[in-house]
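Breakdown of the fold
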Amino acid sequence: MDAFSELPRITSDCRTFPKGGKLAVCNACGTVQKFCDSQWFEEIRSIYAQYATYYQGDGDEQIVFDGRTGKVRRRSDVIVERLTAEFALPRAGKALDIGCGGGVTLRTVSNVLPGWTLYGQDLDQRNAERLAHIPGFQHLFVSTPIDIPGQFDLITLIHSIEHFPDPGAVLRALVDKLTPGGLLLVQVCNTERNSYDLLIADHLTHFAPATLELIAARNGYSVLTVETEWVAKELSMVARRSDGTAGGTRPDPQYAARVQPRVRSQLAWLGALAEDASRRSVEGRFGLFGTSICATWLAASLGDKVEFFVDEDPSRQGKTFMDRPVFSPQQVPAGSNVYLALVPEVAALVASRLAALPIQLVQPPGTSA
């Protein structure tokens, strides 16, 4: 898609990245993917060489809006609590987190399931010391998933499977590492509801509910649920090893035919968003809401027009981001314009929640995607 290569990109750890790359849609199943070519591998090597998750909050995981409590909370807290509320897990067991990073998900599992022993897998040892301080943590595997020994009662992939060159092979490698009755939890962006996901340079595959369920069913799993509301604009899939009777392994050609027009619309919306924000940025004091993917990408295109950032996360407030101050919503100077660099449905919720503040909350243009 030519429109994709004309847009600047972003890394998944919220750093600006130049335009380029290739984006395509599978005509058979509707999966949206980057081209896994030599250029992509060269780019991800440069990204991972300096990768630092959640550096804006000194390693604290990003917050999300919890629809059950009406509050903003750490994402892993929301996901793991939803999992344990809806699926019976034993009081003691073994959990493995693939792409564990600094251990934000494992720490939540430790808090919610204190009788469990915990394991992680990642590319290198850079977070080994941080992981060692998590109660119940046993070992960090620096290997491919297929080389991890043993079996586990819970395997989690929280925003990690989209980074692998062959996500189906990763799922297939993990099937036999689940105990009988063990659960697989996969959390990814929902590209149908999050256009920004397309711009993340190190995300190779961009999942929707249909394509996430399809890839799991094709690689040995019975999908129990694919939730779209545990976390807004994200997918939470829970599955277990298939008993060989599960269906749903054939793509839906009608779904696939709808994907390419939708992606073209999303790319057009991203271009329109940048233009709209640029026009709005000349109207008095101007800041961006958020310090994650959306705001970082938009700030890169706006340059000096952005005076400050606004974030509801206490771990990010009072710091600087992209050499600009980060305010809480209540600290924003009265009369300022704050552009809600979010997908429209989330922007509307934030605008409603903060409507009483003496600032102008500017919502992004609507989209039919």
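The structure presented is a predicted model; accordingly, all values stated were derived computationally and were not measured.

Moving on: the overall build of the chain. Tallying secondary structure elements over the chain gives 10 helices and 20 strands in all. Considering the chain as a whole, with its 369 residues, one finds that 53% of them fall into the buried category. Pairs at least 24 residues apart make up 62% of the contacts formed inside the chain by residues separated by at least 6 positions. Of the roughly 15600 Å² of accessible surface on the chain, a fraction of 51% belongs to carbon and sulfur atoms. Placing the 36 positive and 41 negative side-chain charges of the chain at their respective mean positions leaves the two points 1 Å apart.

This paragraph deals with empty space enclosed by the protein. Under the definition given, this model contains one cavity of 30 Å³ or more. Counted as a void, the largest cavity has a volume near 90 Å³. Top element by residues in the lining of the largest cavity is helix H2 (residues 38–49). It accounts for three residues. Its residues assigned to classes, the lining of the largest cavity comprises four nonpolar, three polar and five charged.

Before going further, it helps to examine the pattern of salt bridges. Within the structure shown, the criterion is met by 16 salt bridges. Among the salt bridges present, the one from Asp 124 reaches Arg 126, with a minimum N-O distance of 2.8 Å. Between Arg 285 and Glu 307 there is a salt bridge, and its shortest N-O distance comes to 3.1 Å. Of this pair, Arg 285 sits in the loop between helix H8 (253–280) and strand E15 (286–289) while Glu 307 sits in the loop between helix H9 (293–302) and strand E16 (308–310); the two residues are 22 residues apart in sequence, bridging distant segments of the chain. Since its relative accessible area comes to 35%, Glu 307 is described here as partly exposed. Connected through shared salt-bridge partners, Glu 61, Arg 75 and Glu 234 make up one network.

So, on to a nonpolar patch on the surface. Taken together, the side chains of Phe 65, Val 72 and Leu 349 make up a nonpolar region of the molecular surface, amounting to roughly 230 Å² of accessible area. You can see Leu 349 is positioned in helix H10 (residues 344–353).

Further remarks concern the sheet that holds strand E4 (residues 32–34). Strand order across the open sheet formed by three strands is E3-E4-E12, with antiparallel pairing between neighbours. Looking at strand neighbours, the two that pair on one side only are strand E3 (23–25) and strand E12 (205–206), the edges of this open sheet. Summarising the sheet, E4 and E12 pair through two bridges and their orientation is antiparallel. Considered in E12, the bridge of Gln 33 is made with Thr 205. Taken strand by strand, H8 contacts E3 and E4, and its axis lies near 150 degrees from that of E3.

Their axes nearest at 10 Å, the elements H8 and H9 cross at an angle of 60 degrees. In this view, H8 runs oblique relative to H9, as classed from their interaxial angle. Here the hand of the crossing between H8 and H9 comes out right-handed. Mapping the contact onto sequence places Leu 270, Leu 273, Ala 274, Ala 277 and Ser 278 in H8 and Trp 297, Leu 298, Ser 301 and Leu 302 in H9. The class makeup of the residues in the contact of H8 with H9 is seven nonpolar, two polar and no charged.

Read from one edge to the other, the open sheet built from six strands follows the order E17-E18-E16-E15-E19-E20, with strand pairing classed as mixed. Every other strand in the sheet has two partners, leaving strand E17 (320–321) and strand E20 (360–362) as the edge strands with one partner each. Strand direction decides the pairing type here: E16 and strand E18 (residues 324–327), joined by two bridges, are parallel. In the sheet register, Phe 309 faces E18, and the bridge partner there is Val 326. Together, E15, E16, E17 and strand E19 (337–340) form the strand contacts of H9, whose direction differs from that of E15 by roughly 155 degrees.

The rules behind the values
- Residues numbered from 1 in each chain as written.
- Predicted model: local features only at pLDDT ≥ 70, side-chain atom pairs only at ≥ 80, totals over all residues.
- Heavy atoms only, no water.
- Helix = DSSP H or I, 4+ residues; strand = E, 2+ residues; numbered from the N terminus.
- Buried < 20%, exposed > 50% of the residue type's maximum accessible area, 1.4 Å probe, protein only.
- Contact = heavy atoms within 4.5 Å.
- Areas by Shrake-Rupley, 256 points an atom, 1.4 Å probe, with all protein chains shown as cover.
- Lys, Arg positive; Asp, Glu negative; His and termini not counted.
- Charge placed at Lys NZ, Arg CZ, Asp CG, Glu CD.
- 1 Å grid on protein atoms, 1.4 Å probe; cavity = no way out; pocket = protein on both sides within 12 Å on 5 of 7 lines; lining within 4 Å.
- Points joined across faces, edges and corners; volume = space filled by probe spheres on them.
- Nonpolar A, V, L, I, M, F, W, Y, C, P; charged D, E, K, R; others polar.
- Salt bridge = Lys/Arg side-chain N within 4 Å of Asp/Glu carboxyl O.
- Patch = residues over 30% accessible without salt bridge, like charges linked within 9 Å, V, L, I, M, F, W, Y side chains within 5 Å.
- Pairing = 2+ DSSP bridges.
- Axes fitted to C-alpha atoms, helices over the stretch in contact; angles between N-to-C directions.
- Parallel < 35°, antiparallel > 145°, perpendicular 65-115°, else oblique.
- Left-handed = near helix turned anticlockwise from the far one by under 90°.

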